[in-house]
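Each chain, letter by letter, is given below.
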Amino acid sequence: MSPEFPATPSGSPDSIASAPGSADTDPLISDADALRVAVLSEALPYIQRFAGRRVVVKYGGAAMVRHDLREAVFRDLALLACVGVQPVVVHGGGPEINQWLSRLAIEPRFHEGLRITDDATMEIVEMVLVGRVNKQIVNGLQLVGARAVGLAGCDGGLVRARRFGDGSHGLVGDVAGVDPSVLTPLLEAGYLPVISSVAPDASGQAHNINADTVAGELAAALQAEKLVLLTDTPGILRDRQDPASLIRHLGLAQARELIETGIVAGGMTPKTECCIRALAQGVRAAHIVDGRVPHSLLLEVFTDAGIGTMLSGSPRVSG
Ligand code: ADP
Ligand code: MG
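Draft legend 1. The overall build of the chain, seen in detail. What the chain contains, in helices and strands, is 11 helices and 14 strands. Here the chain, with 319 residues, has 47% of them falling under the buried criterion. Pairs at least 24 apart in sequence give 69% of the contacts found in the chain among residues at least 6 apart.

This is the structure we're talking about:
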C-alpha cells in the first residue's frame, strides 16, 4: 500500500478537524482531504440530533432568484431529507409576482412596505405563487433527488387566513389557524412539503400572507426543532448599514426590545416577530440566515459555528 493510502486513518476526528493549515498537519492526509473529513465528522452529532426532527425553512430572497444559489438550497434540503431530518419549505413569490403584474399591466401598489392586494392582484398572486413558483421549487427539488410535494394553505385545511390589520391592504392575510395534519403522513413517508403562502379565509377567499409569518406558525404547529429564515442580509444587524454589527444570539426579551427601539424595522419586523411567536410556542431555535451565502442552510444546521442570528429562549444556548 502506498504511503498516501494508509490502512488505518490516523488521528481522531478532533485532531483531523484541527489539521488543515495547522502545525498538527498529518503527512498521511492532504489538507483538502482532512477538511472534507472534518466537515463530515463535525456534522455527525447534528445529524444524530436532528434525525426525525422537523426543520421549517422560509425560502426567499437571492437564494430563490440566483440559479447557483437555488441549486445549492435544493441540494441542502435534499441532503437534510436524506439523513432523516424532516424539512418543510415555505416560500414567497419574490420578483415573479411583479413581473407577471407588469406583463398584465397591473400596477403594483405598496403601503407601509406591504403590497396592497386587490381582487385582480390576488388572482395573479395565487396563479404565480401556487401555479408557478411552487411547482418550480418542487421540480428543482425532484431534480436533485428529493421527493417534494407542493401545497397551498387550502390543501387539507393546512392554513386558514384572516384579514391583515385594519383591512387597508386588501386581500393581505394573517394566519388565523394552522392544521398540520396533512403534513404528518407526508413527512413520515419521506416527502418534502413545499408550501406557498396563500390561504383562504372562512369564506374561501384566498389571501396573500407574508411567508415568514406562515413559516413561523407552521413551525409552532409542527413543534419544529428549528425555524430557518433565509434572507438577503447576514442576519439581524445592530446597524443596518454595517454587516459587521451582526447580532449572533438573541433572547426573546432582547428581540422584543430591538423591535420597540426600531433597530429592527421594515421586512425584518415580521421575521423577528414570527421567530418570537414560534419560540414562545415551543420551537427550540429560530435562525435568520444569509441566503446569499452558498449552502448557508447546511452551515446553519450542521456546523458548530452556525451563521446568522440565532433566537432562542436563552441567549447563550448554541446549536
Ligand atoms: P425577505 O425578502 O427575505 O423577506 P425583507 O426585505 O422583507 O426580506 O426583509 C429584510 C430587510 O429588512 C433587510 O434587507 C433590511 O433592509 C431590513 N432591516 C430592517 N432592520 C434590519 C436590521 N436590524 N438588520 C437587518 N436588516 C434589517
Ligand atoms: Mg419580507
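Draft legend 2. Examining a negative patch on the surface more closely. Taken together, the side chains of D118, D119, E123 and E126 define an acidic patch exposed on the protein surface. By the element assignment, D119 lies in helix α6 (residues 119–143). The exposure class assigned to D119 is exposed, which follows from its relative accessible area of 56%.

Draft legend 3. Broad picture of the pattern of salt bridges. Overall, the coordinates contain 10 salt bridges when judged by the stated rule. Close ionic contact of E225 with R53 constitutes a salt bridge, the shortest N to O distance being 2.9 Å. You can see E225 sitting in the loop between α8 (211–221) and β11 (226–231) and its partner R53 sitting in the loop between α2 (31–50) and β1 (54–59), a full 172 residues away along the chain. For E225, a relative accessible area of 6% puts it in the buried group. On the accessibility criterion, R53 (36% relative accessible area) is partly exposed. With its nearest N and O atoms 2.9 Å apart, the salt bridge here joins D290 to R292. The class for R292 is partly exposed, based on a relative accessible area of 37%. Bridged by salt links that share partners, the residues R53, E225 and R284 form one connected network.

About the criteria used
- Residues numbered from 1 in each chain as written.
- Chains lettered and ligands numbered in written order.
- Predicted model: local features only at pLDDT ≥ 70, side-chain atom pairs only at ≥ 80, totals over all residues.
- Heavy atoms only, no water.
- Helix = DSSP H or I, 4+ residues; strand = E, 2+ residues; numbered from the N terminus.
- Buried < 20%, exposed > 50% of the residue type's maximum accessible area, 1.4 Å probe, protein only.
- Contact = heavy atoms within 4.5 Å.
- Patch = residues over 30% accessible without salt bridge, like charges linked within 9 Å, V, L, I, M, F, W, Y side chains within 5 Å.
- Areas by Shrake-Rupley, 256 points an atom, 1.4 Å probe, with all protein chains shown as cover.
- Salt bridge = Lys/Arg side-chain N within 4 Å of Asp/Glu carboxyl O.
- Lys, Arg positive; Asp, Glu negative; His and termini not counted.
- Charge placed at Lys NZ, Arg CZ, Asp CG, Glu CD.

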